[in-house]
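# Coordinate inspection notes
If you want the building blocks of each chain, they are given just below.
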Number of protein chains: 2
Amino acid sequence: MDKKIIDVARAAGVSPATVSRVLNNRELVKEKTREKVLQAIRDMNYHPNAAAKQLRSQRTMTIGVIVPDINVSLFAEIIKGVQNKAESKGYHVIICDYSGRKGREPDYFALLHNRTVDALIFVAPEAAAEIFAEEADKGFTIGVIGRQIEHDSIPCCYTDNAAFSVEVIQHFVRQGHRQIAFIGGYPEATDAFERLEGYMKALHRSGIGFQPALIENGDFSEEGGYRAFLRLREKGHAFTAVYAANDEMALGVYKACSELGIRIPEELAVFGVDNNRISRYITPHLSTVEQPSYLMGSMLAEKLLSLLGEEKPGPGEAADSRIEVKSRLIIRESSTFHREGGSASSGNLGG
Amino acid sequence: MDKKIIDVARAAGVSPATVSRVLNNRELVKEKTREKVLQAIRDMNYHPNAAAKQLRSQRTMTIGVIVPDINVSLFAEIIKGVQNKAESKGYHVIICDYSGRKGREPDYFALLHNRTVDALIFVAPEAAAEIFAEEADKGFTIGVIGRQIEHDSIPCCYTDNAAFSVEVIQHFVRQGHRQIAFIGGYPEATDAFERLEGYMKALHRSGIGFQPALIENGDFSEEGGYRAFLRLREKGHAFTAVYAANDEMALGVYKACSELGIRIPEELAVFGVDNNRISRYITPHLSTVEQPSYLMGSMLAEKLLSLLGEEKPGPGEAADSRIEVKSRLIIRESSTFHREGGSASSGNLGG
DNA sequence: GTGAAAGCGCTAACAC
DNA sequence: GTGTTAGCGCTTTCAC
């Protein structure tokens with residue numbers, strides 16, 4: 001078996017309590033004693049048992065992050081942001097990938113219930129908001145990334161999906177587009193929904209108004225975007241531009257266009273979201289929206305960690321921490337072909 | 001505070017020991033007693049405290065995975081493989097991303113020393129093999145992915161880097177290439193080194209022999225590949241094909257070619273490794289090698305988990321678990337332009 | 001088949 | 001400043 005604190009204590013000629021004090025630099029310890037203890041620790045290569053420490057101190061020094069898929073760069077970057085911040089404060093991070101397990105998010109609360117983690121960060125655009133509120137009300141420390149949560153003790157870090165979507169549509173309109181289609185994500189995903197709202201708002205402001213026929217849902221996947229695009233075409237309503245709620249679905253549009261011989265951007269302008277690395281390499285380069293994902297992870301982790309440091313706020317006491325971060329449009333070739341006139345009749349797709 | 005086992009015991013009218021037996025379905029418990037206990041657990045929404053359980057049982061039911069960068073698809077897939085297998089056996093996974101911390105791998109052994117994890121999986125191509133051996137000899141359970149380790153109690157799962165590299169070069173030779181350059185990774189990375197060995201072996205077998213001037217190291221990054229390619233050109237030794245030890249560096253070659261007006265594959269054939277998703281989208285599509293990354297993660301996790309289940313093998317007792325998996329070439333446009341003749345003078349690059 | 005009791009290795013009062 | 005002691009919540013002999 002490993003060495004324990006009592007062994008170190010004996011070797012240093014002190015009590016276990018003093019060793020503990022040195023280990024956690026809690027109270028003052030005489031410099032000479034501290035040296036002796038440190039030396040003994042080094043000599044015997046002592047490592048405090050994490051479980052015992054956790055059991056006694058009631059803290060695990062660990063936070064969890066729940067993401068839809070670690071193999072999506074956006075989420076991987078968020079994780080790195082969280083991890084970096086957490087490690088700098090002496091915390092560990094445990095990552096849960098729930099790909100293919102939509103709706104199982106509540107399972108992860110067990111990590112909180114059995115005290116495996118001190119706090120949990122959710123990146124779960126489609127989970128019902130109530131499940132978060134319920135846990136927070138029980139006194140658990142949780143945070144959410146990528147969506148706004150209306151709950152005083154749930155910090156969240158998000159970007160204004162509607163705002164940048166308005167910019168995307170305005171960009172299309174400036175290029176002369178009037179018939180603009182939208183491909184959304186899962187119906188329940190809040191971020192995709194907000195992007196749809198921005199799309200409609202912008203169309204309305206531009207005096208264009210929206211056509212229900214120009215809206216389809218993909219499922220955030222390339223294949224879903226591909227099929228959504230084909231459905232849009234089948235409806236026979238002409239359009240000259242497509243705004244896809246993420247880059248994956250935009251790639252699906254590329255695929256369909258390649259099969260159908262539709263030229264991007266001359267015949268169809270395309271815009272995505274996420275700044276997936278592929279968007280920079282594919283031909284033509286895909287216009288997209290960059291979210292500061294690493295920053296979002298880092299900022300929310302910081303907020304949560306500081307919450308863990310404080311005394312638990314009483315029920316109803318506000319944590320007051322909604323962090324909004326800016327996203328920016330990256331305009332590339334796929335959306336920059338200026339159309340003459342821009343009248344409805346210039347549409348040459350659909351039907 | 002949360003409910004504890006004694007609360008459940010009281011509610012069910014039994015002793016804590018019995019509740020524990022039900023929880024871990026250890027020994028036989030009368031069906032009726034078990035029902036009562038289960039009901040009480042449900043009623044009070046009881047969750048056993050993980051730290052207490054760990055401290056008492058000396059097992060954390062957690063394994064760790066150390067990867068160079070979670071935002072590299074190859075590693076993300078390995079992780080998913082590990083996670084999937086681990087979860088199916090009731091284990092948690094904790095992931096450590098050491099990007100930008102090359103050489104700090106030994107730090108992660110602390111996870112083992114303080115019993116935060118029961119086992120550790122390393123995906124660390126450039127770490128010194130001795131550090132693993134040292135830990136394994138101390139009785140810790142560790143495994144390695146992506147390289148072969150000559151140590152009886154360190155299971156590993158790897159692919160034959162030299163073998164597929166030979167195939168890559170043979171493919172080039174069949175296309176008529178004679179002057180073939182190689183861009184390696186970090187000098188210490190075992191996988192990149194084995195790819196270099198395969199490259200040299202194939203050249204030798206084909207009766208071509210190798211030119212030291214045609215070998216440069218990148219650092220597995222796009223930028224590194226870019227610079228390595230420029231260095232190769234500066235040396236003035238003509239070549240018509242490049243084998244890059246990973247796709248990232250191949251992308252760097254693409255970038256350089258684009259700037260210099262070199263056409264791929266007509267003037268230069270390119271081959272990468274990893275089947276990075278971008279390789280399928282970039283123009284021209286990049287030929288590459290696909291490693292079964294998810295499978296590697298899953299298989300090694302299974303091996304390690306089964307090791308944890310057994311009694312610790314005595315020192316010197318073999319775990320006997322080197323798992324070799326097959327990789328396959330994916331030949332795309334970047335390497336399929338057949339050259340006439342194939343004489344040395346047909347080289348038109350370099351100088 | 002079930003209960004009593006003894007710790008797992010550590011930290012936090014509380015003494016001194 | 002440092003030592004003593006009492007648990008944290010669970011599992012696991014050992015009785016019965």
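First, a word on scope: everything that follows refers to the structure included in this document. Not measured: the values here are computed from a predicted model.

Residue and element names in this part refer to chain B. Taking strand neighbours across the sheet as the criterion, the 4 strands line up as β7-β6-β8-β9 in an open arrangement whose pairing is parallel. A single partner strand is all that each edge strand has here, and the edge strands are β7 (215–217) and β9 (269–271). Strand-to-strand twist in this sheet, taken as the mean axis angle between neighbours without regard to direction, amounts to 20 degrees. As paired strands, strand β6 (residues 180–184) and β7 are joined by 3 bridges and run parallel to one another. Counted as the bridge partner of I183 is E216 from β7. The strands that helix α10 (residues 222–234) touches are β6, β7 and β8 (241–244); relative to β7, the one it contacts most, it runs at about 150 degrees.

Contact residues are listed per partner, giving 45 residues for chain A and 45 residues for chain B. Counting the surface chain A buries against chain B, the share from its top three residues, I70, N71 and Y281 of chain A, is 14%. Across the chain A-chain B interface, the total number found is 10 salt bridges. Between D69 of chain B and K80 of chain A there is a salt bridge, and its shortest N-O distance comes to 2.5 Å. Counting across the interface, chain A meets chain B through 23 residue pairs in polar contact (both at pLDDT 80 or more).

Mapping chain A onto chain B calls for a rotation angle of 180 degrees and an axial translation of 0.0 Å; the resulting RMSD is 0.1 Å. Accordingly, the operation relating the two chain copies is best matched by a two-fold axis. Of the interface residues in chain A, 100% have counterparts in chain B that sit at the interface too, so the contact is made through matching surfaces.

Taken together, 25 residues lie near DNA strand C, and K4, I5, Y46 and R56 of chain A together with T33 of chain B sit nearest. Among all atoms of DNA strand C positioned within 4 Å of the protein, those belonging to sugar or phosphate total 65%. Note that a phosphate oxygen of DNA strand C is positioned 2.5 Å from one of the side-chain N or O atoms of K4 of chain A. Measuring from a phosphate oxygen of DNA strand C, one finds a backbone N or O atom of N49 of chain A at 2.9 Å. Secondary structure elements with two or more residues in the surface near DNA strand C: α2 (16–23) and α4 (50–57) of chain A together with α2 (16–23) and α4 (50–57) of chain B. When its residues are assigned to classes, the surface near DNA strand C shows 11 nonpolar, 7 polar and 7 charged.

Turning our attention to the pattern of salt bridges. Inspection of the entire model under this criterion finds 24 salt bridges over all chains. One salt bridge in this structure joins K80 of chain A and D97 of chain B, with 3.5 Å as the shortest N-O distance. Of this pair, K80 of chain A sits in helix α5 (residues 73–88) while D97 of chain B sits in strand β2 (residues 92–97), on two different chains. Judged by relative accessible area, K80 of chain A falls into the buried class, the value being 13%. A residue is classified by how much of its surface remains accessible, and D97 of chain B, at 2% relative accessible area, is buried. Between E216 of chain B and R231 of chain B there is a salt bridge, and its shortest N-O distance comes to 2.7 Å. With a gap of 15 residues between them, E216 of chain B in strand β7 and R231 of chain B in helix α10 connect regions that are remote in the sequence. A cluster of three or more residues bridged by salt bridges with shared partners is formed by D69 and D97 of chain A together with K80 of chain B.

Rules of the game
Every chain's residues receive numbers from 1 upward, in the order its sequence appears when written. For this description, chains carry letters from A and ligands carry numbers from 1, given in the order in which they are written. Selection of residues for local features in this predicted model requires a pLDDT of at least 70, selection of side-chain atom pairs for listing and counting requires 80 or more, and totals for whole chains, interfaces and linings are taken over all residues. To obtain the side-chain values, all non-hydrogen atoms of the structure were used and water was disregarded. Here, strands pair whenever DSSP counts at least two bridges between them. The helix and strand labels rest on DSSP assignments: H or I over at least four residues marks a helix, E over at least two residues marks a strand, and numbering proceeds from the N terminus. Lines fitted to the C-alpha atoms define the axes, with helices restricted to the stretch that makes contact. Angles between their N-to-C directions range from 0 to 180 degrees. Contacts between residues were defined by any pair of non-hydrogen atoms, one from each residue, lying within 4.5 Å. Once two parts are put together, the accessible area they lose, assessed with a 1.4 Å probe and summed over both, is termed the buried area. By definition here, a salt bridge exists when the distance from a side-chain nitrogen of Lys or Arg to a carboxyl oxygen of Asp or Glu is within 4 Å. Contacts described as polar in this section are N or O atom pairs within 3.5 Å, which, within protein, must combine one atom able to donate a hydrogen with one able to accept it, while residues neighboring in sequence count only if both atoms come from side chains. Least squares is used to superpose the copies, and the fit set is the C-alpha atoms of residues whose pLDDT is at least 70 in both copies. Near, as used in this document, describes a residue that has one of its heavy atoms within 4 Å of the molecule or strand being considered. Residues are grouped as follows: Ala, Val, Leu, Ile, Met, Phe, Trp, Tyr, Cys and Pro are nonpolar; Asp, Glu, Lys and Arg are charged; every other residue, Gly included, is polar. Partly exposed describes any residue whose relative accessible area lies between the buried limit of under 20% and the exposed limit of over 50%, with all areas from a 1.4 Å probe on protein chains only and scaled to the type maximum.

Worth remembering: the numbers are spatial, not functional.
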